[in-house]
Amino acid sequence: SSIQRTMMMRNLDFSLPSMILLASDVIGGLVGIGMALAGKGVWSLVAQFMVTRIAYVILFTIWTPWWPGLKVSWEAVFDLYSFGLKILLIRNLDFFNQRLPDILVKAFFGTDALGLYSVASRLLLAISQTVTAVMAPVAFASTSRIQNDPDRV
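Residues numbered from 1 in each chain as written. Predicted model: local features only at pLDDT ≥ 70, side-chain atom pairs only at ≥ 80, totals over all residues. Heavy atoms only, no water.

1. Things to note about the overall build of the protein chain
Then comes step 1: The number of helices and strands found in the protein chain is 5 helices and 0 strands.
Then comes step 2: Overall, the C-alpha framework of the protein chain stretches about 60 × 55 × 35 Å when taken along its three principal axes.
Then comes step 3: Here the protein chain holds 153 residues, and the buried ones make up 16% of them.
Then comes step 4: A total of about 12,300 Å² of accessible surface is found on the protein chain, and carbon and sulfur atoms cover 71% of it.
Then comes step 5: Within the protein chain, the 9 negative side-chain charges are centred at a point lying 7 Å from the centre of the 12 positive side-chain charges. (Helix = DSSP H or I, 4+ residues; strand = E, 2+ residues; numbered from the N terminus. Buried < 20%, exposed > 50% of the residue type's maximum accessible area, 1.4 Å probe, protein only. Areas by Shrake-Rupley, 256 points an atom, 1.4 Å probe, with all protein chains shown as cover. Lys, Arg positive; Asp, Glu negative; His and termini not counted. Charge placed at Lys NZ, Arg CZ, Asp CG, Glu CD.)

Dropping the structure here:
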């Protein structure tokens, strides 16, 4: 469903993906609540998660015209592999870059300081993610639409 969602966002259609997300959350929530009321315990949470994701994929498949094909371009596969390998290496470096301050704070200042540092960094991260979650899809979709017009870019 990520290709269909990306195609909609590129066309600046944000309402349909939002409605699909809301509908799949409602469907999964109803299944989870129903199973919890039936006494299924923790399995109601598992079912809620799974039904939400399955409904999301099904609803996107129903409301978008794009379907994946069975034709494979090996040139594209190798191109994506080389690109993906670089991304994997960068993400591994980023992981160690993010964890290094935690290790240093604990080593030099102890666990109490690490707890305070963790809470402060999570607060900063939450603020950053909230702003990015709103701005990034709109900025990405807008710039992808004008990518062939250098003056507008």
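Text resumes after the structure shown.
2. Overview of the side chain of Gln-4
Then comes step 1: Here Gln-4 lies in helix α1 (residues 2–10).
Then comes step 2: When near neighbours in sequence (up to four residues on either side) are disregarded, Gln-4 contacts Phe-60, Thr-61, Thr-64 and Trp-66. (Contact = heavy atoms within 4.5 Å.)

3. So, helix α3 (residues 43–63)
Then comes step 1: Given a rise of 1.5 Å per residue, 21 residues ought to cover 30 Å, and the 30 Å separating the end C-alpha atoms of α3 matches this to within 8%.
Then comes step 2: What α3 keeps buried is the set Ser-44, Ala-47, Thr-52, Ala-55, Tyr-56, Leu-59 and Phe-60.
Then comes step 3: Check the buried side of α3 and you find it contacts α1 and α2 (15–37). (Expected span 1.5 Å × (residues − 1).)

4. So, the nonpolar core
Then comes step 1: By size, the foremost hydrophobic cluster in this structure holds 5 residues: Met-8, Ile-20, Tyr-56, Leu-59 and Phe-60.
Then comes step 2: Considering every element that reaches this core, the biggest residue donor is α3, with 3 residues.
Then comes step 3: Residues contacting Leu-59, with those up to four places away along its chain left out, are Ile-20, Ala-23, Ser-24 and Ile-27. (Core = buried A, V, L, I, M, F, W, Y, C linked by side-chain atoms within 4.5 Å.)

5. Let's talk about the confidence of the model for the protein chain
Then comes step 1: Looking at the protein chain as a whole, the pLDDT averages 88, with 100% of positions reaching at least 70.
Then comes step 2: Confidence scores differ between elements of the protein chain, with α1 showing the lowest mean pLDDT of 79 and α2 the highest of 93. (pLDDT = per-residue confidence, 0-100.)

6. As for the environment of Met-8
Then comes step 1: Along the chain, the position of Met-8 falls in helix α1.
Then comes step 2: Classification of Met-8 by relative accessible area gives buried; the value is 7%.
Then comes step 3: Sequence separation between Met-8 and Thr-64 is 56 residues; the distance between their C-alpha atoms is 8.5 Å.
Then comes step 4: Residue contacts for Met-8: discarding those within four places in its chain leaves Asp-13, Leu-16, Pro-17, Phe-60, Trp-63 and Thr-64.

7. Side note on the side chain of Thr-64
Then comes step 1: Mapped onto the elements, Thr-64 comes out in the loop between α3 and α4 (74–109).
Then comes step 2: Reaching out from Thr-64, the side chain makes a polar contact with the backbone oxygen of Phe-60 at a distance of 2.6 Å. (Polar contact = N/O pair within 3.5 Å; in protein donor to acceptor, adjacent residues only side chain to side chain.)

8. Some details on the packing of aromatic side chains
Given two aromatic rings, their pairing is described by the distance between the two centres and the angle made by the two planes.
Then comes step 1: Considering all chains together, one arrives at 2 aromatic pairs under this definition.
Then comes step 2: On the basis of an interplanar angle of 75° and a centroid distance of 4.9 Å, the ring pair of Tyr-56 and Phe-60 is categorised as edge-to-face. Highlighted residues: Tyr-56 and Phe-60, both in helix α3, separated by 4 residues, approximately one helical turn. Across this residue pair, the class does not change: Tyr-56 and Phe-60 are buried. (Phe/Tyr/Trp six-rings, centres within 6.5 Å; stacked < 30°, edge-to-face > 60°.)

9. Looking at the environment of Met-50
Then comes step 1: Following the sequence through the fold, Met-50 ends up in helix α3.
Then comes step 2: Separated by 62 residues in the primary sequence, Met-50 and Asp-112 place their C-alpha atoms 38 Å from one another.

10. As for the pattern of salt bridges
Then comes step 1: By the definition in use, this model includes 1 salt bridge.
Then comes step 2: The partner of Arg-99 in a salt bridge is Asp-102, and the shortest N-O contact between them spans 3.0 Å. Here Asp-102 and Arg-99 lie together in helix α4, a separation of 3 residues that amounts to about one turn.
Then comes step 3: Its relative accessible area of 38% is what places Arg-99 among the partly exposed residues.
Then comes step 4: For Asp-102, a relative accessible area of 19% gives the class buried. (Salt bridge = Lys/Arg side-chain N within 4 Å of Asp/Glu carboxyl O.)

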